[in-house]
Number of protein chains: 2
Amino acid sequence: MLSLTKKSEYALIAICHLARVGERVVSAREIAELHQVPLPLLMNILKQLNQAGCVNSVRGARGGYSLAVPADSLTLSAVLRAVEGPVRLVNCAPVGTGSRACERAGICSIRSPIHKLHHQFLRFLDEVTVSDVAFDEAYYERPVGMNGEAAVSE
Amino acid sequence: MLSLTKKSEYALIAICHLARVGERVVSAREIAELHQVPLPLLMNILKQLNQAGCVNSVRGARGGYSLAVPADSLTLSAVLRAVEGPVRLVNCAPVGTGSRACERAGICSIRSPIHKLHHQFLRFLDEVTVSDVAFDEAYYERPVGMNGEAAVSE
DNA sequence: GGAATATAGCATCTGACGGGTACCATTTCA
DNA sequence: TGAAATGGTACCCGTCAGATGCTATATTCC
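Summarised in this report is the structure supplied together with it. (Residues numbered from 1 in each chain as written. Chains lettered and ligands numbered in written order. Predicted model: local features only at pLDDT ≥ 70, side-chain atom pairs only at ≥ 80, totals over all residues. Heavy atoms only, no water.)

### Describing the overall build of chain A
When helices and strands are counted, chain A shows seven helices and two strands. The order of helices and strands in chain A, counted from the N terminus, is α-α-α-β-β-α-α-α-α. Looking at the 154 residues of chain A, the share that counts as buried comes to 50%. Looking at chain A alone, contacts between residues at least 24 apart form 62% of all its contacts between residues at least 6 apart. Accessible surface, chain A: about 7200 Å² in total, of which carbon and sulfur atoms supply 51%. (Helix = DSSP H or I, 4+ residues; strand = E, 2+ residues; numbered from the N terminus. Buried < 20%, exposed > 50% of the residue type's maximum accessible area, 1.4 Å probe, protein only. Contact = heavy atoms within 4.5 Å. Areas by Shrake-Rupley, 256 points an atom, 1.4 Å probe, with all protein chains shown as cover.)

Below, the structure written as structure tokens:
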């Protein structure tokens, strides 16, 4: 429960890869092979990230994707929202579009405190950037190259 | 996504109700009627909360449930864990029993930073008590974030 | 003692959705 | 012109959240 889905996981892997390679355009195939992610699924995810404005796409042969926003400006929150829809700790949370009134809104005894929690949680996600995840010190301590080929044993 | 389930929602409502009435033993029926929660489902949830040691149960006529722990000692984390199992932001998170090695552990490029996030998230849940939720005024906001915080070992 | 009330512990059902696949159109490069 | 890549859409399938039902057991009240 309260867990990230595979989609989020793959999205983060792809986004972090793009962040690490910098400006270069990378194809879905390349990312899928390097990180052993199912290619068709990754393609769907990258499409979503593109629609959400997280990545730019280049069509045609030699096409691919690149970050649309600097890694330190792209929040975890934005990436997750792109592939999962709005993050809602509780269904009755007011998330703008798509939020429908909770059927228990009138009598709900935990509505107010849960909404506060919800907003704290959103802030939590908003304060983490792709840069934080992609350029984690622990990652660089490993024998992994920027181009990704790596076999790290634990 | 990343949302609490109905089970968690009902569990929190029940727990908060128990917290508010103090020592008194309250039946599942009473809580269900007051808060318009499906009774059979609530009964299941209260059973789980009992097994997890969050609430005490009294069997027989005039029986019911009461908090097993002071409201300000019972964490949100404990309640959620009772009804949902271990909170795991990612499936590969080390949660003691039940954790199985991630099949991509060796090559996963986001493992370390995500694990840090996971632990911060757990701390986030650990710092909120039932008292905070049940007695809203007592609730206060804390800054959360990834940067500038003490590193959490895995 | 017996009926009523309430929890304990199962076992089961069903719809929704996460995870994954397939197909075709479109664009670009060689 | 064909290969390589994205764009868009529709679909399948297994799992699980959400909910229900039944029986056993414990306690209270008459």
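### Topic: the packing of aromatic side chains
How two aromatic rings sit relative to each other is given by the distance of their centres and the angle of their planes. All chains considered together, the criterion is met by six aromatic pairs over all chains. Summarising the aromatic geometry, the rings of Phe 124 of chain A and Phe 124 of chain B are spaced 6.1 Å apart at their centres and angled 15° between planes, so their arrangement reads as stacked. Here Phe 124 of chain A is found in helix α5 (residues 111-126), whereas its partner Phe 124 of chain B is found in helix α5 (residues 111-126) on a different chain. Residue Phe 124 of chain A is classed as buried on the basis of its relative accessible area of 3%. Members of the aromatic cluster, connected to one another through ring pairs, are Phe 121 and Phe 124 of chain A together with Phe 121 and Phe 124 of chain B. (Phe/Tyr/Trp six-rings, centres within 6.5 Å; stacked < 30°, edge-to-face > 60°.)

### Examining the interface of chain A and chain B
Each partner contributes to the interface: chain A provides 52 residues, whereas chain B provides 54 residues. Taking both partners together, chain A and chain B bury about 5000 Å²; carbon and sulfur atoms supply 59% of that area. Run the count over chain A and chain B and you get zero salt bridges. Our count for the chain A to chain B interface comes out at four residue pairs in polar contact (both at pLDDT 80 or more). Looking at the side of chain A that touches chain B, the elements that each hand over two or more residues are α1 (6-21), α2 (28-35), α4 (76-84), α5, α6 (130-134) and α7 (137-141) of chain A. The dominant element in the side of chain A that touches chain B, judged by the number of residues it contributes, is α5 of chain A, at 10 residues. Class assignment for the residues of the side of chain A that touches chain B results in 28 nonpolar, nine polar and 15 charged. (Buried area = accessible area lost by both parts, 1.4 Å probe. Salt bridge = Lys/Arg side-chain N within 4 Å of Asp/Glu carboxyl O. Polar contact = N/O pair within 3.5 Å; in protein donor to acceptor, adjacent residues only side chain to side chain. Nonpolar A, V, L, I, M, F, W, Y, C, P; charged D, E, K, R; others polar.)

### What about α2 of chain A?
Because each turn of an α-helix spans 3.6 residues, side chains separated by three or four positions end up pointing in the same direction. All names here are of chain A. Within the span of α2, buried status applies to Ala 28, Ile 31, Ala 32 and His 35. Taken end-on, α2 shows its buried residues confined to a sector of 100°, consistent with a single buried face. α2 presents Arg 29 and Glu 33 as exposed residues on the side facing more than 90 degrees away from its buried surface. Looking at the buried side of α2, the elements it contacts are α1, α3 (39-51) and β2 (64-67). Where α2 ends, the next residue or the one after it, Gln 36, has phi of about 55°, a positive value. (Arc of directions from axis to C-beta.)

### Details of the protein's contact with DNA strand D
As a structural note, the neighbourhood of DNA strand D is formed by 27 residues, with Ala 28, Lys 47, Ser 57 and Tyr 65 of chain A together with Leu 41 of chain B the closest of them. Counted by atom, the contact set of DNA strand D within 4 Å of the protein is 65% sugar and phosphate. Between a base oxygen of DNA strand D and a side-chain N or O atom of Asn 44 of chain A, the distance comes to 3.4 Å. Listed by contribution, the elements that provide at least two residues to the surface near DNA strand D are α2, α3, β1 (55-58) and β2 of chain A together with α1 (6-21) and α3 (39-51) of chain B. Per-element accounting of the surface near DNA strand D gives the leading share, five residues, to α3 of chain A. Each residue belonging to the surface near DNA strand D can be placed in one class, and the counts come to nine nonpolar, 11 polar and seven charged. (Near = heavy atom within 4 Å.)

### Some thoughts on the pairing of strand β1 (residues 55-58) of chain B
Residues and elements named next belong to chain B. In terms of strand pairing, β1 meets strand β2 (residues 64-67) through four bridges, oriented antiparallel. Of the residues in β2, the one forming a bridge with Ser 57 is Tyr 65. Between β1 and β2, which pair antiparallel and follow one another directly, the connecting turn spans five residues, one of which, Gly 60, has a positive phi of 85°. (Pairing = 2+ DSSP bridges.)

### Describing the protein's contact with DNA strand C
Every one of the 28 residues lining DNA strand C counts as a neighbour, but Thr 5 and Asn 44 of chain A together with Ala 28, Lys 47 and Ser 57 of chain B are closest to it. One of the side-chain nitrogen or oxygen atoms of Arg 29 of chain B is found 3.3 Å away from a phosphate oxygen of DNA strand C. Ser 57 of chain B has a polar side-chain atom sitting 2.6 Å from a phosphate oxygen of DNA strand C. Contributing elements (two or more residues each) for the surface near DNA strand C: α1 and α3 of chain A together with α2 (28-35), α3, β1 and β2 of chain B. Examining the composition of the surface near DNA strand C, we find that five residues originate from one element, α3 of chain B, more than from any other. Looking at the surface near DNA strand C residue by residue, the class counts come to nine nonpolar, 11 polar and eight charged.

### Considering the relation of the copies chain A and chain B
Turning chain A through 180° and shifting it by 0.0 Å along the axis lays it on chain B, with an RMSD of 0.1 Å. On this basis, the relationship between the two copies can be described by a two-fold rotation axis. It is Leu 2 of chain A whose C-alpha, among those of chain A, lies nearest the rotation axis, at 2.3 Å. Looking at chain A, 85% of its interface residues are interface residues in chain B too, so the copies touch through the same face. (Least-squares fit on C-alpha atoms with pLDDT ≥ 70 in both.)

### Some words on unusual backbone geometry
Trans peptide bonds make up most of the peptide bonds, and negative phi angles are found at most residues other than glycine. Unusually for a residue other than glycine, Gln 36 of chain A sits at a positive phi of about 55°. Mapped onto the secondary structure, Gln 36 of chain A falls in the loop between α2 and α3. For Gln 36 of chain A, a relative accessible area of 56% gives the class exposed. Its identity is not glycine, yet Arg 62 of chain B carries a phi of approximately 65°, on the positive side. Mapping Arg 62 of chain B onto the fold places it in the loop between β1 and β2. Classification of Arg 62 of chain B as exposed rests on a relative accessible area of 79%.

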